[in-house]
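Here's the letter readout for the chains.
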Amino acid sequence: MLEMQHIGKVYRTELVETHALRDFSLRVNEGDFVAVTGPSGSGKTTFLNIAGLLETFGDGTYRLDGEDVSGLSDKQRSRIRNQKIGFIFQSFNLIPDLDVADNVELPLRYRRLDRGERKARAERALELVGLASRTRHLPSQLSGGQQQRVAIARALAGEPRLILADEPTGNLDSLMARQVLDLLEEINARGTTVIMVTHDPDLSRRAHRNVHVLDGRVTDFKPYDPVPGGLAAGAGA
């Protein structure tokens, strides 16, 4: 699903040059659920932005769903992003003046889907996240956990091959966080690849694989260990 080889990303100002990613290599297979961990400033979000085609990079190559996306134009990246990738953000990023259904439908308008198809997709996605009865509520009328489920429904409505989640439980209490992870696990079980950035070790343990990032590099890669007792150390990013 995703393969990065020797990716380098540098942010430059007049006085400072910051290497966000250095020789970053990672492969994620279709159907994986991968947790990406590491301290603040380690490069996790930069990796996620590049994976989601929100940012370009300098060195290396990146293949997404079998296609080399390293040198695509903005328009080409937008097309792939809209068709194949769903995003879930810590801050929900819902539009406050739109109700739940319209928030979920909004990205589908850029695909030029007709109203009936948009509505059907939104209804299916909201049913999946347990919010079919809240379609006409505004975001301000929902709890934090419900708002995050709307954000997940918005991602699901596009029927993405890959979901990228950036600290999706960061603004939630522990109970709501577990409920959101339950939902992500269910989505993954249906075949969608999920990559989640998180600081929470309890949540990262529920992923199939753990990737630790430090100073812009993958420093530790752990596959899922189904034996009770935790994760077994593995090799090779």
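Scoring rules and cut-offs
- Residues numbered from 1 in each chain as written.
- Predicted model: local features only at pLDDT ≥ 70, side-chain atom pairs only at ≥ 80, totals over all residues.
- Heavy atoms only, no water.
- Helix = DSSP H or I, 4+ residues; strand = E, 2+ residues; numbered from the N terminus.
- Rg over C-alpha atoms; globule rule 2.2 N^0.38 Å.
- Buried < 20%, exposed > 50% of the residue type's maximum accessible area, 1.4 Å probe, protein only.
- Contact = heavy atoms within 4.5 Å.
- Areas by Shrake-Rupley, 256 points an atom, 1.4 Å probe, with all protein chains shown as cover.
- Lys, Arg positive; Asp, Glu negative; His and termini not counted.
- Charge placed at Lys NZ, Arg CZ, Asp CG, Glu CD.
- Pairing = 2+ DSSP bridges.
- Axes fitted to C-alpha atoms, helices over the stretch in contact; angles between N-to-C directions.
- 1 Å grid on protein atoms, 1.4 Å probe; cavity = no way out; pocket = protein on both sides within 12 Å on 5 of 7 lines; lining within 4 Å.
- Points joined across faces, edges and corners; volume = space filled by probe spheres on them.
- Nonpolar A, V, L, I, M, F, W, Y, C, P; charged D, E, K, R; others polar.

Asker: Explanation requested: the overall build of the protein in the structure shown.
Answerer: Across its full length, the protein holds seven helices and 10 strands. Scaling as 2.2 N^0.38, a compact globule of 237 residues should have a C-alpha radius of gyration of about 18 Å, and the protein matches this with 18 Å. Overall, the C-alpha framework of the protein stretches about 45 × 45 × 35 Å when taken along its three principal axes. Per-residue burial over the protein gives 46% buried out of 237 residues. Restricting the contact set of the protein to residue pairs at least 6 apart, pairs at least 24 apart contribute 68%. When the accessible surface of the protein is split by element, carbon and sulfur atoms take 47% of a total near 11600 Å². Taken as two groups, the 31 positive and 32 negative side-chain charges of the protein have centres that lie 4 Å from each other.

Asker: Mind showing me how you'd approach the sheet that holds strand 4 (residues 59-64) here?
Answerer: Adjacent strands of a sheet form backbone hydrogen bonds with each other and so pair up, either parallel or antiparallel. Read from one edge to the other, the open sheet built from four strands follows the order 2-1-4-5, with strand pairing classed as antiparallel. What marks the edges here is a single partner per strand, and that holds for strand 2 (17-28) and strand 5 (67-68). Relative to strand 4, strand 1 (residues 2-12) is paired through five bridges, and the arrangement is antiparallel. The partner of Met4 across the bridge, within strand 4, is Tyr62. Docked against the sheet, helix 1 (residues 44-51) engages strand 1, strand 2 and strand 4, running at close to 115° with respect to strand 1.

Asker: Teacher, can you tell me more about empty space enclosed by the protein here?
Answerer: It is a probe the size of a water molecule, rolled over the atoms, that shows where empty space is left. As enumerated under the stated definition, the model contains one cavity of 30 Å³ or more in all. One number sums up the size of the largest cavity: a volume of about 40 Å³. Leu53, Glu55, Thr56, Phe57, Val69, Ser70, Gly71, Leu72 and Arg77 are the residues that line the largest cavity. When grouped by side-chain class, the residues that make up the lining of the largest cavity number four nonpolar, three polar and two charged.

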